[in-house]
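Listed below are the residues making up each chain.
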Amino acid sequence: MSKEAGKQKRSTPKLAVVIMAAGKGTRLKTRRPKVLHEVGGKPLLSHVIATAGKLADAENIYAIVGHHAERVREAVAGTGVRFIEQKEQRGTGHAIQCAREAISGYEHILVLSGDVPLIQADTLQHLMTVHSAEGAAMTILTAVPDDPTGYGRIIRRSPDFSEVDAIIEEKALTPAQRSIREINSGIYAFKVGPLLKYLDKLKNVNAHGEFYLTDMAALLHGAGEKVAAQKAAEAADVLGANTIAELVLLDARIRAATANRLMAAGVTIFRPETCVIDAEVQVDPDTIIEPFVQLLGATRIGTDCRIRSYSVIENCALGKNVLVLPGCVLGESTVADGARIGPFAHLRPGSEIGQDAHVGNFVETKKAKLGKGAKANHLSYLGDAEVGAGTNIGAGVITCNYDGEKKHLTRIGQGSFVGSDSTLVAPIEIGDGAYIGAGSCITRNVPSGALAVGRSRQVTKEGWAAARRARKEEQK
Ligand code: UD1
Ligand code: CA
């Protein structure tokens, strides 16, 4: 064998992934295009693209878009996926016909459905291995779910015959075929040569007047080409999302898998079925998550934390030993080791809560930096603020950061004490170790070590009440 020929033999066949994502999703009864419905916190199509991206042999990933194509493109822009337009949605076969030009340069394509989001990369890898080993023109990923209702069924000459004669859609099944439990997952490997040779022979004589890609099985088989099938080990991984009920079931499966992953790594999640945890969330061992907690986005939580019920934490980084009391909302913020948040606290974006700091009942922060051990325990608004280490913010303190046009900064030094119900009119600076008398409206800077009182003096009139009562008696 020549060197060149040897090289040829070893080089992997050119493979493209084609994701069908143009359909409307009529059964969902929503305006939102089907593949943009979310499970596990991200669109169906994003799951499929992410999985396709894990296939080392795939040179390109194409998405066939049509219904609300612009919205779909926008949602997955930046993934590197290429788009093929199917202007009119005339069926899955027609979708692949629209991809003719794009796929003609490849030896094989792997067709995925944009509404089958739980499919795993190793299942696809295995499908491709079987497809190659069989030398098949078409290899169908099949499954045997408990309930095959709604899916196309796999028709074989006899149940134990490895090759497939046809795929029959649910509506066209004969009574005898209804008992077949092996379903078509909507995922297939094709040899591009035979696919393109017979693709235009698809007919739309069926219940929906559509060109079904599934009919390629019978077409290829009839032409003497090999149509193989590979059963997915986990039927649940190939379930589709055609109705809202199916969609939320898939969402629950993804959430359960994430919770199980965290629990296997030493995180306690009480009543995990009530928690909503996104797939990218990281939690260190020995942390306890109570019922009805949501951990979203890229949230990271350290060890020995406790997240109490009804808290929603999105894109936050929490250190270790953090206690989040019930009913807190935390977004785009950081919380250092040993801090205590809540109950009913709201950390808005840009909040940086220092080590051992406390943010308590009904306190709202936004772009607020609290130093080590600083405390704001009750009813405050701290926006565009810096609070030094050990400073105590009394109940009801408000930073007046907005003058109607611009936001201004409030800087408070270390070890200071801001009395209850004070308003700090920004821009303003309060030094270290300063005191602000309760109920003050502070409009000028307060130097370190000073006491500032910004309120009217108290007037006390002794005996005034008795005199008033006497006056009233006289008037009667
Ligand atoms: C399809 C299969 C069925 C299989 C099931 C598995 C056909 C005819 N039937 O049925 O055998 O059991 O998937 O989930 O293929 N799409 C387009 N353009 C179109 C129509 C659909 O891109 O013109 C896309 C959809 O957006 C979707 C995918 O193709 O992502 C599948 O279409 P769908 O209508 O959901 O097919 P099913 O009825 O589920
Ligand atoms: Ca479907």
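What you are looking at is a predicted structure, and each value in this text was computed from that prediction instead of being measured.

What to know about helix H3 (residues 69-76)
Link 1 in the chain: Turning to H3, its buried residues are Ala69, Val72 and Val76. Buried positions in H3, seen along its axis, are confined to an arc of 65° and lie on one side of it. Every exposed residue of H3 that faces more than 90 degrees away from the buried side is listed here: Glu70 and Glu74.
Link 2 in the chain: Those residues of H3 hidden inside the fold are in contact with helix H2 (44-52), strand S4 (58-65) and strand S5 (82-85).
Link 3 in the chain: Positive backbone phi, at 90°, marks glycine 78, one or two positions downstream of H3.

Considering the pattern of salt bridges
Link 1 in the chain: Under the criterion given, the structure shown has 19 salt bridges.
Link 2 in the chain: Two residues, aspartate 115 and lysine 34, come together in a salt bridge whose shortest N-O distance is 2.8 Å. Of the two residues, aspartate 115 is situated in the loop between strand S6 (108-113) and helix H6 (121-134) and lysine 34 in the loop between strand S1 (15-20) and strand S2 (38-39); the sequence distance between them amounts to 81 residues. With respect to class, aspartate 115 is no different from lysine 34; both count as buried.
Link 3 in the chain: A salt bridge links aspartate 384 to lysine 366; the shortest N-O distance between them is 3.0 Å. Placement of the pair is aspartate 384 in strand S30 (residues 381-387) and lysine 366 in strand S28 (residues 364-370), with a sequence separation of 18 residues. As far as burial versus exposure is concerned, aspartate 384 and lysine 366 are alike and both buried.
Link 4 in the chain: Via salt bridges that share partners, Glu70, Arg73 and Glu85 belong to a single interconnected network.

Observations concerning the packing of aromatic side chains
Geometrically, a pair of aromatic rings is defined through the distance of the ring centres and the angle of the planes.
Link 1 in the chain: Applying the stated criterion across every chain, the model contains 5 aromatic pairs.
Link 2 in the chain: Between the aromatic rings of tyrosine 62 and tyrosine 106, the centroid separation amounts to 6.1 Å while the plane-to-plane angle is 80°, which identifies the pairing as edge-to-face. One end of the pair, tyrosine 62, is in strand S4; the other, tyrosine 106, is in the loop between helix H5 (100-103) and S6, with 44 residues separating them in the sequence. Assigned by exposure class, tyrosine 62 and tyrosine 106 land together as buried.
Link 3 in the chain: Between tyrosine 188 and phenylalanine 190 the ring centres are 5.8 Å apart and the planes differ by 40°, which places this aromatic pair in the tilted class.
Link 4 in the chain: Phenylalanine 190 gets classed as buried once you look at its relative accessible area, which sits at 0%.

Things to note about the layout of surface pockets
Link 1 in the chain: By volume, the largest pocket is sized at about 1200 Å³.
Link 2 in the chain: If you trace the largest pocket, you find 40 residues lining it, with Arg27, Lys34, Thr92, Asp115 and Asn242 closest to the centre.
Link 3 in the chain: Elements that contribute at least two residues to the lining of the largest pocket include exactly helix H4 (92-98) and strand S10 (183-191).
Link 4 in the chain: Residue contributions to the lining of the largest pocket peak at 4 residues, all from S10.
Link 5 in the chain: Volume-wise, the second largest pocket comes out at about 460 Å³.
Link 6 in the chain: In terms of lining residues, the second largest pocket is bounded by 19 residues, among which His47, Pro117, Leu118, Gln120 and Ile254 are the most central.
Link 7 in the chain: Those elements that provide at least two residues to the lining of the second largest pocket are H2 and helix H9 (244-264).
Link 8 in the chain: When the residues that make up the lining of the second largest pocket are grouped by side-chain class, the tally is 8 nonpolar, 4 polar and 7 charged.

Here is what the cut-offs are and how they apply
- Sequence order as written defines residue numbering, which begins from 1 separately in each chain.
- The naming scheme follows written order: chains are lettered A onward, ligands numbered 1 onward.
- This being a predicted model, a pLDDT of at least 70 is required before a residue's local features are given, and a value of 80 or more before pairs of side-chain atoms are given or counted; all residues contribute to the totals for chains, interfaces and linings.
- By convention in this description, side-chain values take in all heavy atoms of the structure and omit both hydrogens and water.
- Exposure is judged per residue with a 1.4 Å probe applied to protein chains only, and the accessible area is read against the type maximum: over 50% gives exposed, under 20% gives buried, and values in between give partly exposed.
- Helix numbers and strand numbers start at the N terminus; a helix is a DSSP run of H or I with at least 4 residues, a strand a run of E with at least 2.
- What the arc covers is the set of directions going from the helix axis to the C-beta atoms.
- We call two residues in contact when some of their heavy atoms are within 4.5 Å.
- In what follows, salt bridge is the name for a side-chain nitrogen of Lys or Arg lying within 4 Å of a carboxyl oxygen of Asp or Glu.
- Ring geometry is summarised as follows: Phe, Tyr and Trp rings, the Trp one being its six-membered ring, pair when their centres sit within 6.5 Å, and such pairs are stacked at plane angles under 30 degrees, edge-to-face over 60 and tilted between the two.
- Of the grid points, spaced at 1 Å and generated over the protein atoms alone, those admitting a 1.4 Å probe that cannot get out make up cavities, while open sets with protein on both sides within 12 Å along at least five of seven lines make up pockets; any residue with an atom within 4 Å of a point is treated as lining.
- Grid points are joined across faces, edges and corners, and a volume is the space filled by probe spheres set on the points.
- Polar here means any residue outside two lists: the nonpolar Ala, Val, Leu, Ile, Met, Phe, Trp, Tyr, Cys and Pro, and the charged Asp, Glu, Lys and Arg; Gly therefore counts as polar.

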